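A structural walkthrough
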Amino acid sequence: MQVAPPMARTTDDELLQAEAMLWCHALGYMKTMALQCAITLGIPNAIHRRGGEASLPELYAAVPVAATKRPCLSRLMRFLAASGIFAETTPTTPADAAAAGPRYRLTAASRLLVDGGDTCLTQMMLLMASPLGVAASQSLAGWLVEEGGATAAAETPFAAAHGEALYEFLSRDAEFGARFGAAMGADSRVVSGMLVGDGGHGGEVFAGVASLVDAGGGDGTMARAIAGAFPHVRCTVLELPFVVDAAAVLAGDGGRVEFVAGDMMEFIPPADAVLFKVR
């Protein structure tokens, strides 16, 4: 019979820190939900329209929050400011504090949530917080204890939650597939802008590269940016057939980017370099 070794004694300070850590993990999802709430209410857009900074009364007038729940909006803003999504400025005089309370400014993160620009990531953030993704994460424990098998539900937590793999779901649900594609394209615009922009290192990265395959390149946003900035690189997007069918129609790249239908887990066309944007 094995006897468990005695547990090390935990000091009160260690116990307090451990409990705080567990609380942070248990409530970590609230950061995601608070961010989703702010985007849905249009708070980043409202602050942007005010020149990048707004008081609570200005936000009350700009976003659709019931008058009886305005104190809850103030708590939401303080929570998001503590998380770094917004920056909070405290009034310097008691009179200003009593009249309008704190002011909230856009940060580098929340500027990415303002609609209308090439660096807007609202669709990506809303996708991450969608019920489909949340349900998949809630299926993780059950998926881990199930024996593997030939069924689709054995492959991933997403399949366990929804009965089919993510890309099968995307090919069947046109509305969600369009949202997914728009979110991925938005993220690619941000990343490609950093890569091929004036401050990027694309020149060094693609020096001597004559051909490139963007594996899982979606609608070709990243590949088109690379082909436009570095004409000597022949770019190919490898994607699933249903993605290629939709993306090729929207390409508008003058033939600089080739779309190939296929599964990256089965083959990748030969090239000097293979790009995986997020892996």
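Let us look at the structure shown here. These numbers were taken from a predicted model, which means no experiment stands behind them.

1. Things to note about the sheet that holds strand S7 (residues 273-275)
Strand order across the open sheet formed by four strands is S6-S5-S4-S7, with parallel pairing between neighbours. What marks the edges here is a single partner per strand, and that holds for strand S6 (257-261) and S7. Recorded for the sheet is a direction-independent mean angle of 25 degrees between the axes of neighbouring strands.

2. Focus on the pairing of strand S3 (residues 103-106)
Along S3, the buried face is formed by Tyr104 and Leu106; none of Arg103 and Arg105, which line the opposite face, is buried. With four bridges joining them, strand S2 (residues 86-89) and S3 adopt antiparallel strand pairing. The partner of Glu88 across the bridge, within S3, is Tyr104.

3. Structural notes on the layout of surface pockets
Reported here for the largest pocket is a volume of approximately 1,100 Å³. For the largest pocket, the lining is made up of 43 residues, of which Tyr167, Leu170, Phe180, Met184 and Glu239 are closest to its centre. For the lining of the largest pocket, the elements supplying multiple residues, two or more each, are helix H8 (122-128), helix H12 (166-172), helix H13 (174-196), strand S4 (211-215), strand S5 (234-239) and helix H16 (241-250). Ranked by the residues each element gives to the lining of the largest pocket, the list is headed by H13, at eleven residues. By residue class, the composition of the lining of the largest pocket is 26 nonpolar, ten polar and seven charged. In this structure, the second largest pocket occupies an estimated 240 Å³ of space. Contributing to the lining of the second largest pocket are Glu155, Thr156, Pro157, Phe158, Ala165, Leu166, Tyr167 and Glu168. Listed by contribution, the elements that provide at least two residues to the lining of the second largest pocket are helix H11 (157-162) and H12. At three residues, the largest contribution of residues to the lining of the second largest pocket is made by H12. In terms of residue class, the lining of the second largest pocket is built from five nonpolar, one polar and two charged.

4. As for the nonpolar core
Among the nonpolar cores identified, the biggest contains 24 residues, and Ile43, Ile47, Leu59, Leu73, Met77, Leu80 and Phe86 are the most heavily contacted of them. Counting residues per element, the ones that place at least two in this core are helix H2 (29-41), helix H3 (43-49), helix H4 (56-62), helix H5 (70-82) and S3. Considering every element that reaches this core, the biggest residue donor is H5, with five residues. In this view, Leu80 contacts Ala34, Leu35, Ala38, Ile85 and Phe86; residues no more than four positions away in its chain are not counted. Core analysis: the second largest hydrophobic core is formed by 16 residues, Ile226, Val237, Val257 and Leu275 among them.

5. Comments concerning the packing of aromatic side chains
Tallied over the entire structure, the rule returns four aromatic pairs. Both rings, one in Tyr167 and one in Phe180, keep their centres 6.2 Å apart while their planes meet at 85 degrees; by these two values the pair is edge-to-face. Remark: Phe180 occurs in helix H13 and Tyr167 occurs in helix H12; sequence separation between them is 13 residues. For Tyr167, a relative accessible area of 37% gives the class partly exposed. In this structure an aromatic cluster arises from ring pairing among Phe158, Phe169 and Phe176.

6. Here we look at the sheet that holds strand S1 (residues 53-55)
Across the sheet, which stays open at both edges, the three strands sit in the order S1-S3-S2 with antiparallel pairing between neighbours. Either end of the sheet is taken by a strand with one partner, and the two such strands are S1 and S2. Between one strand axis and the next, the sheet turns through 30 degrees on average, direction left out of account. Direction of pairing for S1 relative to S3: antiparallel, over a ladder of three bridges. Following the sheet pairing, Glu53 is matched in S3 by Arg105. Contacts from H5 reach S2 and S3, with the element oriented near 110 degrees to S2.

7. Observations concerning the packing of H2 against H5
Close contact between H2 and H5 brings their axes to 10 Å; oriented N to C, the two are set at 120 degrees. When the axes of H2 and H5 are compared, the pair comes out oblique. Note that H2 runs across H5; the crossing there is left-handed. Taken together, the residues of H5 that come into contact with H2 (itself represented by Met30, Lys31, Ala34, Leu35, Cys37, Ala38 and Leu41) are Leu73, Leu76, Phe79 and Leu80. Looking at the contact of H2 with H5, its residues break down into ten nonpolar, no polar and one charged.

About the cut-offs
Residues numbered from 1 in each chain as written. Predicted model: local features only at pLDDT ≥ 70, side-chain atom pairs only at ≥ 80, totals over all residues. Heavy atoms only, no water. Pairing = 2+ DSSP bridges. Helix = DSSP H or I, 4+ residues; strand = E, 2+ residues; numbered from the N terminus. Axes fitted to C-alpha atoms, helices over the stretch in contact; angles between N-to-C directions. Buried < 20%, exposed > 50% of the residue type's maximum accessible area, 1.4 Å probe, protein only. 1 Å grid on protein atoms, 1.4 Å probe; cavity = no way out; pocket = protein on both sides within 12 Å on 5 of 7 lines; lining within 4 Å. Points joined across faces, edges and corners; volume = space filled by probe spheres on them. Nonpolar A, V, L, I, M, F, W, Y, C, P; charged D, E, K, R; others polar. Core = buried A, V, L, I, M, F, W, Y, C linked by side-chain atoms within 4.5 Å. Contact = heavy atoms within 4.5 Å. Phe/Tyr/Trp six-rings, centres within 6.5 Å; stacked < 30°, edge-to-face > 60°. Parallel < 35°, antiparallel > 145°, perpendicular 65-115°, else oblique. Left-handed = near helix turned anticlockwise from the far one by under 90°.

Purely spatial values, then, with no claim about function.
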